[in-house]
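A structural walkthrough
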Amino acid sequence: MSRRRQELTLTIAGPVLLLLLWELLSRTEIINPIYWPAPTALWPTAIDMFQNRDLLGDIRISMWRILAGFVIGTVPGVMIGLAMGLFWPVRVFLMPLATAIYAVPKIAILPLAIIAFGIGELSKIMIVAISIFFLIALSTMSGVLAIDTQFRDVASNLGASRWQMFLTVALPGSLPAIFTGMRLALGFALIVIVGTEFLAASKGIGYVIWQNYQILRIREMFVGLIITGLLGWLMNLVLDLVERVVVPWRNT
Amino acid sequence: MSRTYANNQAETKANPIAGACVVARNITKVFSSPGGVITACKDVNLSAAPGEFVVIVGPSGCGKSTLLRMMAGLDSPTSGTLQVDSPNGKRPTNSMVFHGRTLFPWLSLRSNVAYGMQMHGKSRRARLDRADELLDLVGLGDFRNAWPHQVSEGMRQRTSLARALAIDPQLLLMDEPFGALDEQTRYILQEELLRIWDNTGKTVIFVTHSIEEALLLGDRIVVMTARPGTIADDIVVPFPRPRSLTTIRSHAEFGPLFDRIWSRLRDEVERGGAFR
């Protein structure tokens, strides 16, 4: 079997084995099927939720919050990160702030976000943006700092101006690190949005999980959990594809 | 227009005004770091006539690379004067083939070669055409769209050479360009370099560890001492051109010259060993 097929088989084997084990334990009632319903028993629930309870609407609104927050956080994050990497005064000035705020669990600033941006959509989008901003900035900065100084010498020797140096060395050189940051940020964004929707939303995938848990509709809760996992996986896949187009030289 | 070789034979060059003239007088370069002050080179006097091929040999850490960087304008001397003059009175151009892996990993071989021309504002069409020509010249025409990580070290080094040639510099600075290559690849690249130099008449300053390489390539060989780097010897190489390893090895002067350079270097390498 070729390496590629082995990889594919192993990739699929992990989740399938887990689901099988879960199914088996639940069907034989080794674990309580009321709290641990078998995966196959979740199908009808999922279909019902899509048909009658607008589950797609919940997914859509969570995705929108993540996406909008992601863009609002990433764009300035990359710009500040590049500035921090290129200019030491900016780096020294912002570093203590960035590392301190980076370490705060982002859900802890939800009350502040609501005070600042209201209880509507804006606070939910902004909390995603804020929580990934520092992550993106710090990884972009380390990407710039990791660029071999020889590349700067080569560019300068071949006549690059400061601006050309930025466009042709700093930016492409830090792209791999920017993508690594974005990959981590996606995970962050999902955690934060689910947490936010637990506490302060009336729609969204996090709301579905928490609401159904509170009224002990365990199957519905599980459907919400699985959908969350699938969303994370799907978003990573999309990011992989984008990366392959934007950073084609990265050895894969 | 003619050029005078060391052994007094004159030969017509394809491009008589292609080479810059370099004069370094009493160059001293001092680096200060938290660990103390390091004198990289001290009172260096060095010149290269237009179209001349000058090779610098010396032990590790003798300031050879620092000297090249100063000629390239990437560093400036602490004291002394360094003058690079263009034969046509305009601003002199130089480009450097760096030591190590310095192709931009984010550009294809072709775009790497075209990079300098892009910085100089040449049109896309013109620079890509020229890049393809140069890649053909160094035997990499079929690899123009490859990424640097996909090709061998030898191919990367040829691409670096093509990239340096692309802006048609009057002064070509080469910092141990073939040091990391296997022997066969090195022979081939040495031949290619000599052919290109012979056709273009550029001034070349070439740094190497290898005495044999110095004897094969240079019109003149400058031997440097260990840190602080100073000039220990300046030798005119009498071998006729075109040269090959076989012809220079059988030349009567080869053995004596090799010994002369090695005896200078030997003490320096042993002395310098304490630093590294």
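Residues numbered from 1 in each chain as written. Chains lettered and ligands numbered in written order. Predicted model: local features only at pLDDT ≥ 70, side-chain atom pairs only at ≥ 80, totals over all residues. Heavy atoms only, no water.

All names here are of chain A. Between helix H3 (residues 55-86) and helix H8 (residues 162-200), whose axes approach to 8 Å, the crossing angle comes to 145 degrees. Considering the relative orientation of H3 and H8, their crossing is right-handed. Across the interface between the two elements, Ser62, Arg65, Ile66, Phe70, Thr74, Val78, Leu82 and Leu86 from H3 touch Phe166, Ala170, Leu171, Ser174, Ile178, Met182, Ala185, Leu186, Ala189, Leu190, Ile193 and Glu197 from H8. Across the contact of H3 with H8, the residue classes tally to 15 nonpolar, three polar and two charged. (Axes fitted to C-alpha atoms, helices over the stretch in contact; angles between N-to-C directions. Helix = DSSP H or I, 4+ residues; strand = E, 2+ residues; numbered from the N terminus. Left-handed = near helix turned anticlockwise from the far one by under 90°. Contact = heavy atoms within 4.5 Å. Nonpolar A, V, L, I, M, F, W, Y, C, P; charged D, E, K, R; others polar.)

Interfaces are often sized by the amount of accessible area the parts lose when they come together. Between chain A and chain B, the contact holds 19 residues from the first and 23 residues from the second. The junction of chain A with chain B conceals about 1800 Å² of combined surface from both sides, 65% of it contributed by carbon and sulfur atoms. Of all residues in chain A, the largest losses of buried area upon contact with chain B belong to Asn157, Leu158 and Trp249 of chain A, amounting jointly to 37% of the total for that side. The interface formed by chain A and chain B includes one salt bridge. (Buried area = accessible area lost by both parts, 1.4 Å probe. Salt bridge = Lys/Arg side-chain N within 4 Å of Asp/Glu carboxyl O.)

Turning our eyes to something else, we now look at the side chain of Arg156 of chain B. Residues and elements named next belong to chain B. On the secondary structure map, Arg156 appears in helix H4 (residues 153-166). Judged by relative accessible area, which is 10%, Arg156 ranks as buried. With near-sequence residues (within four places) excluded, Arg156 lies in contact with Arg101, Leu103, Pro148, His149 and Val151. (Buried < 20%, exposed > 50% of the residue type's maximum accessible area, 1.4 Å probe, protein only.)

What follows deals with the environment of Gly121 of chain B. Within the secondary structure, Gly121 of chain B sits in the loop between helix H2 (109-119) and helix H3 (124-137). A residue is classified by how much of its surface remains accessible, and Gly121 of chain B, at 62% relative accessible area, is exposed.

Residue and element names in this part refer to chain B. If you walk across this open sheet you meet the three strands as E4-E3-E6, and the pairing is antiparallel. If you trace the sheet from one side to the other, it starts and ends with strand E4 (36-48) and strand E6 (79-85), each paired once. Going from strand to strand, the sheet's axes swing by 20 degrees on average, the running direction of each strand aside. Taken together, the six bridges between strand E3 (residues 21-33) and E6 define a ladder with antiparallel strand orientation. Residue pairing in the sheet places Ala24 in a bridge with Leu82 of E6. (Pairing = 2+ DSSP bridges.)

This part covers the pattern of salt bridges. Taken as a whole and assessed by the stated rule, the structure comprises 29 salt bridges over all chains. Residues Arg65 of chain A and Glu121 of chain A are paired through a salt bridge, measuring 2.8 Å at the closest nitrogen-oxygen approach. One end of the pair, Arg65 of chain A, is in helix H3; the other, Glu121 of chain A, is in helix H6 (residues 121-145), and 56 residues separate them in sequence. Look at Arg65 of chain A and you get buried, because its relative accessible area is 2%. The shortest N-O distance in the salt bridge between Glu52 of chain B and Arg220 of chain B comes to 3.0 Å. One end of the pair, Glu52 of chain B, is in the loop between E4 and strand E5 (53-57); the other, Arg220 of chain B, is in strand E10 (residues 220-224), with 168 residues separating them in the sequence. Here Arg220 of chain B falls in the buried class, since its relative accessible area comes to 11%.

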